[in-house]
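# Structural overview
Spelled out from the first residue to the last, the chains are:
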Amino acid sequence: MSLSPRALVSCGAIMTAAVAAAIALAQTPQTPSPAGAAAYIINLKDGDTVASPFKVQFGLTGMGIAPAGVQAEGTGHHHLIIDTKLSDDEMKRPIAADAQHVHFGRGQTETMVTLPPGRHTLQLVLGDMSHIPHNPPVMSPVVTVTVR
Ligand SMILES: [Cu+2]
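All of the points below concern the structure found in this document.

What follows concerns the layout of surface pockets. Unfilled space is identified by rolling a water-sized probe across the atoms. Looking at the largest pocket, its volume works out to about 270 Å³. Taken together, 15 residues line the largest pocket, and the ones lying closest to its centre are Thr31, Gln71, Ala72, Asp128 and Met129. Tallied by class, the residues present in the lining of the largest pocket amount to seven nonpolar, six polar and two charged.

This is the structure in structure tokens:
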């Protein structure tokens, strides 16, 4: 008995999918974070009222800041998550880059935020050199502010 070309093709497709899945896992390992590491917003507390634009200062304990692309143990760069949350899935892959997911890949530790009047949520999530959250994730409590 010999395999038909069709069986060979489907076998190849299965192999390819398995290899692709293995490569995807290998390409996006999460960097471990040291015990006790924490991010926090220094200058705003939950419930604050602010005028836009307003400053947000990024605090980090137990780890250091390194620019994106730079590999150094125990480091990462800040991301400001605005009016959304990262899903469990998003916690394991590079953080999106858009108006609600702002990267500070040069190692910045503060920014000015412009938002329309109303309630908004802010959260810091540290990412590794590849913008992937650490494991366990190093993130601040969610801070809700009201822009007047
Ligand atoms: Cu990033």
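Moving on, we come to the sheet that holds strand S1 (residues 38-41). Overall, antiparallel pairing links the three strands, which are arranged S1-S3-S7 in an open sheet. Here the strands that pair on one side only, and so sit at the sheet edges, are S1 and strand S7 (110-113). Strand-to-strand twist across the sheet, computed as the mean angle between neighbouring axes with direction ignored, equals 25°. Relative to strand S3 (residues 54-61), S1 is paired through four bridges, and the arrangement is antiparallel. Within S3, the position partnered with Tyr40 by the bridge is Gly59.

Definitions and cut-offs
Residues numbered from 1 in each chain as written. Predicted model: local features only at pLDDT ≥ 70, side-chain atom pairs only at ≥ 80, totals over all residues. Heavy atoms only, no water. 1 Å grid on protein atoms, 1.4 Å probe; cavity = no way out; pocket = protein on both sides within 12 Å on 5 of 7 lines; lining within 4 Å. Points joined across faces, edges and corners; volume = space filled by probe spheres on them. Nonpolar A, V, L, I, M, F, W, Y, C, P; charged D, E, K, R; others polar. Pairing = 2+ DSSP bridges. Helix = DSSP H or I, 4+ residues; strand = E, 2+ residues; numbered from the N terminus. Axes fitted to C-alpha atoms, helices over the stretch in contact; angles between N-to-C directions.

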